[in-house]
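# Observations on the model geometry
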Amino acid sequence: MPLKANSPEGTLDDKWTKYRSTMNLVAPNNKRRIDIIVVGTGLAGAAAAATLGELGYNVKAFTFHDSPRRAHSIAAQGGINAAKNYQNDGDSVFRLFYDTIKGGDYRSRESNVHRLAEVSRNIIDQCVAQGVPFAREYGGLLANRSFGGVQVSRTFYAKGQTGQQLLLGAYQALSRQISLGNVEMYNRHEMLDLVIEDGKARGIIARNLLTGKLERFGAHCVVLGTGGYGNVFYLSTNAMGSNVSAAWRATKRGALMANPCYTQIHPTCIPVSGEYQSKLTLMSESLRNDGRVWVPAHKEDVMAIREKRMSAKDIPEDRRDYYLERRYPAFGNLVPRDVASRAAKVACDEGFGVNKTGLAVFLDFASAIQRYGKTEAHSNGIHNPDPKKIEELGKKVIEAKYGNLFEMYEKITGENPYDVPMKIFPAVHYTMGGLWVDYNLETNIPGLFALGECNFSDHGANRLGASALMQGLADGYFVIPYTIGQFLSKEIRTPKINSDAPAFMEAEKDVDGRLKKLLSINGSQSVESFHRRLGLIMWEYCGMSRNAEGLQKGRKLIQELRAEFWKDVFVPGSDDEFNPELEKATRVADFLELGELMMVDALDRNESCGGHFREEYQSEEGEALRRDDEYAYVAAWEWVDGGDPVLHREDLEFENVELKTRSYK
Amino acid sequence: MKLTLKIWKQKNNSTAGKFETYSVEADEHMSFLEMLDVLNESLLEQKKEPVVFEHDCREGICGSCSMVINGQPHGPNKGTTACQLHMRYFKDGQTITIEPWRAKAFPIVKDLVVDRSAFDRIIQAGGYISVNTGQAQDGNAIPIEKGLASEAMDAATCIGCGACVAACPNASAMLFTSAKVSHLGLMPQGEVEHTKRVQSMVTQMDTEGFGNCSNVGVCEAECPKGISIENIARMNRQYIGSVFGSQTKVEKA
Ligand SMILES: Cc1cc2nc3c(=O)[nH]c(=O)nc-3n(C[C@H](O)[C@H](O)[C@H](O)COP(=O)(O)OP(=O)(O)OC[C@H]3O[C@@H](n4cnc5c(N)ncnc54)[C@H](O)[C@@H]3O)c2cc1C
Ligand code: SF4
Ligand code: FES
C-alpha cells in the first residue's frame, strides 16, 4: 500500500496558511447533521471535542475515566513550548521547527512539524483566555524557562503542574459544550472495538464500565485521542490506566501502527524499590539544570554504599565519576534525554549502580547549594560567611526552585535530598510511535483520525521536553477542527449511521466473545502477574539498548507468554458488573500483541536513532550511529493475526533541513 | 510488617455493605496502594474477589484515589493523597480501617469506589470562561499581577478528589466549588461572567444534595492540596453580593 502523507503544495512556511484557506468547508446547517465520535478526553481529545462542539457538530465524547479531568495529561509537570519569542532571545517558528526535527533525530515529517511550531503560538493565547494561571513576571507578563537542553527560553509553565492546568482549561471548555448540549459526554465508557462500514470508520463498540453493558455508537467519523502505550513495559511514569487498546483495536481493523519501537526513556526517575512496585515517578528534567550526575569511580566505594557502610558524602571528589561531564564536556549534565539515559545504563551495567539493586545513580545538588549560597551571601552583603550560612542560603534558593519536587522525592523515598544526593534511574516515559496519520491527522482508514500521543506524527525518534503538551493541544484545538472538514465535506449527504447495521452487530459479538473467553479461562495466574512478566521481557530486550539476537528472543518469549495468558489467566467476577480486573485483562491482552510488534519494528530498524539504540550500530565511542541512506523512513506496520506483520514505508523527504549527526561532545 | 485491615465491601449501590477483615504482610517502603495491591494479589491467588478502589496517577495529581483511612480522608499525613502515603507511617501489628467517601451526593459504586460526577455537573454549571477556540487575543495583551496570578494558581490546584466533602459533617462541597470560583474570578479574563458563574455553580451544588457550610473547617485540614478556606469566605461575599446587588439572577433548577 503506497503511503501518501498528503502534505499540501507550497513552501514550508505557507503550506498550512494556504491549505487552510482553500480547504473544503462544511456549512453550518450541515454540521448540525453530522455526528463525530471522539474517544479520549485528555489534552488532545478534550480540546478536539470542545472545539468541534463549538463549531456546531454533534459530538459524542468517551473516556474510561470517571471524569475527563483525570486523564493522564493531568500529571505533566514541566511545561509547554511555544515559539512566542517573548524573551527576545532569538526564538522563531523556524527555530522551534528545527529543534524538533533535530531532537527527533531526523525521523519526523517536515510539514507536520512546521505546522506544529506555527500553531504553538495560538495555544498560549487560547489557554490564557481560558484562565490558565501561567507563571508570570513582576511586570505581569508571562514567564518562560528553558527546558530540554535547547538554547532559548520558550517553555510556559504553571508551577510544577502545567499539565493539570492545561487539562483543566480543556476540561472546562468541554464542560461548557456539554452544558450547551453540543457534546454528549460518556464517562466510564471504554472503547473496545472500531466499526468499519464500506471501508470507512463509522463507529465504536464501548463497554459501560459501571453496568458492564456493551453499547454500539455510530457516527460519520471517529477521532482517537487515547494517549500513549508506555505501560507495555509495566513499569513506567504513565498513569496505571494508560493503555493501547483503542489504537490497537484500530490496528487490528487495518490501521497502520507507525514506529512502535520508538520509546522515550526518561533519565531522571525515582528508582525501583521492590518487586511490589506498581509505577515509577518522574523527577522533572529541570533538575538537571542544577543537579550533577555521578557514581563512585571505584568498586569498593560502590559496595560500601550498597551495604550502607558509607554514604555518598563520604566519597571524596577525586573518587567520583561525573560521567556526563566527562563524556560530554560541551553539554555536560544537560545532554538530551536519550543520551543521559543510556549513559546511566552504561554506568550501572559496569557495576557502579549505587543502591541495593545496582540500578541507580546519584543526582547531587551539593555544588549548586554552595554556588547559590555564596551568591546569596554576596548579594545580601554578608562578607566571609561561614560554611553553615552558605549552606543555609543555598538550600533556600534550591527550595524556591524545586521545593515541590524535593518534597515529592522525600515522601516516596523517606530521604531528604537537601542533605543526601537523590538516587535516580531511567524509566519509560513516552511513546513517540503510534497510529500512522497523514497531514490531515487521518489514518489509512478513511474517517479515522488520531491525535496527541496516540499518533506517531511529530516527534520522530525522540521527543523534546515540553513538546507533548504542545502537540496534544495543537492537534485538538487548531488542526483537527480544520482538517476533519476534508473528509466530512464529502459526507454531508450521508444519513445518520445506523448502529444496528450488521457491521455493528458483528463487532459487538466479537467483543462479547472476547470478554466471555477471558472470564471462562479460569486459570491460576492474575492479569497483573502476566503484565509484570511482559514488562520484564520488554525492558530486557526492547529497552534502552537492543540487539538483533535479543529482539528475536524477545519476540518468541512474548508469543509464548501470550499463549500462556490465553490458557491460564484468572479474571474474577462477571461481565455484567463493574469489574476492573476484566478491564485490565482486555488491556493486557492487547499489550501482549503490541509488544511483539515493537520487537519486530526494532529488529527491522538496523540503525540507532533517538530512543532506539541498536548495539550493533554505534561508533567507537559508543554513540548512536544513524543510517540515513537506508532508514530515513517511517515504518508503518500492518498487523496480521498469527502471521508476520507487513511493513509499509513512508520515505521521509528533507527539503528544509540538512541531516547532521547529533553531537553533544 | 504484619497488618490487619478492616475494609468496607459493598457489591453495588443497591445492596448493603459491611466491613471485612483481612491480614496482609507489607513492607515499609511500599505505598499504601501498593500494600492494597499485595492484598489483592493474594486474594486473586485464592480465587477471591479483590478489593476495588479507584486510582490512576499514583502521584497525587489526578484526584482518583479516595478512601478514608482510620477515620481520615486520604489518611493521617497532611497534604498527602492516599496514593502518596507510605507504609513507613504505620506500625507493625496495627489495624487499619478503610472506608469509601460517605456523602449523599457521592453514591457508592463498589467497595471503595464512589460516583463523583456531581463535581462534573457543578463545573458544567459555570466553572469555565466562555471563549471559543480561536477567539483569543495575544497572551500578553493583559498583564496580570504576579501575586494575583499565583493566588489564582493556588485555588486552581484543586484535584477534584472530594476529600473535603468526605471530611465535612454536612458533606458540603463549598471548598471544591469556591476553589474554582476563586481561580476564575481572580483572573481578569474570568471576571466578566463572574456573577452568573457564582450563582449557577452554587445552585447546582445545592441541587446535587451537598450540605450547607457551617464553618467547621475540617475540609481545609483534610484537603491534600492545601486549598484555603479563605476561598469559601470569598465566595460567600460574592454570592451574597451577586444575589442582592446584581441584575443577573439565576433561577434554581
Ligand atoms: C509524569 C509525566 C510528566 C510529563 N510532563 C510533560 C511535560 O512537562 N511537558 C510535556 O509536553 N509533556 C509531558 N508529558 C507527556 C504528556 O503529558 C503526554 O504525552 C500527553 O499529556 C498525552 O495527552 P493525550 O491527550 O494524547 O493523552 P492522555 O492525556 O493520556 O489521554 C488519554 C485519554 O483517552 C482515554 N482513553 C484511552 N483509551 C480509551 C478507550 N479505550 N476508551 C475510552 N477512552 C480511552 C483516557 O480516558 C483519557 O481520557 C509527561 C508525561 C508524564 C507521564
Ligand atoms: S478542595 Fe481539596 S479536598 Fe476538595 S476536591 Fe479539591 S483538592 Fe480535594
Ligand atoms: S491516584 Fe491520582 S491522586 Fe491518587
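Just so you know, these numbers come straight off a predicted model, no measurement behind them. (Residues numbered from 1 in each chain as written. Chains lettered and ligands numbered in written order. Predicted model: local features only at pLDDT ≥ 70, side-chain atom pairs only at ≥ 80, totals over all residues. Heavy atoms only, no water.)

Moving on: the overall build of chain B. Helix and strand counts for chain B come out as nine helices and seven strands. The C-alpha extent of chain B, read off along each of the three principal axes, is 65 × 40 × 35 Å. Every one of the 253 residues in chain B was classed for burial, and the buried ones make up 58%. Sequence-distant contacts, at least 24 apart, represent 69% of the contacts inside chain B between residues at least 6 apart. Carbon and sulfur atoms make up 50% of the accessible area of chain B, which amounts to about 10000 Å² in all. (Helix = DSSP H or I, 4+ residues; strand = E, 2+ residues; numbered from the N terminus. Buried < 20%, exposed > 50% of the residue type's maximum accessible area, 1.4 Å probe, protein only. Contact = heavy atoms within 4.5 Å. Areas by Shrake-Rupley, 256 points an atom, 1.4 Å probe, with all protein chains shown as cover.)

So, about the domain arrangement of chain B. Residue and element names in this part refer to chain B. Once the domains are mapped, chain B shows domain 1 (2–99) and domain 2 (117–245). Once you take the C-alpha centre of each, domain 1 and domain 2 turn out to be 30 Å apart. With twelve residues of domain 1 at the contact, the number on the domain 2 side is eleven residues. Of the roughly 830 Å² buried at the junction of domain 1 and domain 2 (both faces included), carbon and sulfur atoms supply 53%. At the surface where domain 1 touches domain 2, the tally comes to two residue pairs in polar contact (both at pLDDT 80 or more). Its residues assigned to classes, the side of domain 1 that touches domain 2 comprises three nonpolar, eight polar and one charged. (Domains from an automatic or database assignment. Buried area = accessible area lost by both parts, 1.4 Å probe. Polar contact = N/O pair within 3.5 Å; in protein donor to acceptor, adjacent residues only side chain to side chain. Nonpolar A, V, L, I, M, F, W, Y, C, P; charged D, E, K, R; others polar.)

Residue and element names in this part refer to chain A. In this structure the tally under the stated criterion is 74 salt bridges over all chains. Taking the shortest distance from any N to any O, the salt bridge between lysine 496 and aspartate 35 comes out at 2.7 Å. Of the two residues, lysine 496 sits in the loop between helix H13 (468–488) and helix H14 (502–521) while aspartate 35 sits in strand S1 (residues 35–39), which places them 461 residues apart along the sequence. We classify lysine 496 as exposed; its relative accessible area is 60%. For aspartate 35, a relative accessible area of 5% gives the class buried. In this structure, a network of salt bridges that share partners links the residues Asp105, Arg107, Asp338, Arg605, Glu607, Arg626, Asp628 and Arg662. (Salt bridge = Lys/Arg side-chain N within 4 Å of Asp/Glu carboxyl O.)

In this section: the site of ligand 1. Residues and elements named next belong to chain A. In the vicinity of ligand 1 lie 37 residues, with Thr63, His65, Ser73, Glu453 and Leu469 positioned nearest. Between ligand 1 and threonine 41, the relevant distance is 3.0 Å, taken from an oxygen atom to a main-chain nitrogen or oxygen of the residue. When contributions to the shell around ligand 1 are tallied by element, the ones reaching two or more residues are helix H3 (43–55), strand S6 (189–197), strand S15 (422–431) and H13. When the residues that make up the shell around ligand 1 are grouped by side-chain class, the tally is 15 nonpolar, 19 polar and three charged. (Near = heavy atom within 4 Å.)

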